[in-house]
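Commentary on secondary and tertiary structure
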Amino acid sequence: TLSNSIAGASNVVSTISAGNNTFSNFDVASSDRGVLISAAGNAVTVKNVDIFLAGAGTTGVELFSSNTAITLMDVDVHGGSTGLISDSNDAANIINVDANSSIVNTTGNAVLVASDGSTLNFAGDINETDGVGGGVFVTNSFGTQTFSGLITANTGTSAGISVITNPGTTNFTGGLNIDTT
């Protein structure tokens, strides 16, 4: 298990720029951010990783300002504020999240896509049943997002799905089970 229990630490796993990168077969316990992929110019693969988050403002996987192919295989995010953030600062990533991946019970949004020109293919399941966190939030994205896994969003007063100021395309093909108040 990798952990950032040191006060002030932020990322547990981080990659920037050079070379193709593969990270596999580990668990992350984090009170900030589990995996950060930032400014990557070459392919990045993260596989067989469980991320356990605690506390406000935590993020499982953040994809920022990269222009490359990013693959998440059997990556599971448990708790925290946000499961996956794709804020590629208008870059054109191709992001593939496989069907063995999942996001469970975040307190913010399971998936946040913002200011992003990426193609996001999310085949994993999203399960927000704690009545606290929201489901999928897409804003100001001109890319294409396809969610082909089941999205269960029993989110209380939080939005199950929000698509705002989105000149791109957002598809939900895997089924929606939404119960909000």
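Below: a short report on this structure. (Residues numbered from 1 in each chain as written. Predicted model: local features only at pLDDT ≥ 70, side-chain atom pairs only at ≥ 80, totals over all residues. Heavy atoms only, no water.)

What follows concerns empty space enclosed by the protein. The full count for this structure, using the stated rule, is one cavity of 30 Å³ or more. Estimates place the volume of the largest cavity at around 70 Å³. Residue lining of the largest cavity: Val61, Leu72, Val75, Val77, Gly83, Leu84, Val97, Ser101, Ser102, Ile103 and Phe122, and that is the complete set. Secondary-structure elements contributing two or more residues to the lining of the largest cavity are strand S7 (69-79), strand S8 (82-87) and strand S10 (102-104). With three residues, the single largest contributor to the lining of the largest cavity is S7. (1 Å grid on protein atoms, 1.4 Å probe; cavity = no way out; pocket = protein on both sides within 12 Å on 5 of 7 lines; lining within 4 Å. Points joined across faces, edges and corners; volume = space filled by probe spheres on them. Helix = DSSP H or I, 4+ residues; strand = E, 2+ residues; numbered from the N terminus.)

What follows is about the pairing of strand S15 (residues 144-147). Burial of the side chains of S15 is restricted to one face: Gln145 and Phe147 are buried, whereas none of Thr144 and Thr146 on the reverse face is. In this structure, S15 lies alongside strand S18 (residues 169-172), joined through four bridges in parallel fashion. Bridged to phenylalanine 147 within S18 is phenylalanine 172. (Buried < 20%, exposed > 50% of the residue type's maximum accessible area, 1.4 Å probe, protein only. Pairing = 2+ DSSP bridges.)

By themselves, these are just geometric observations and shouldn't be taken as functional.
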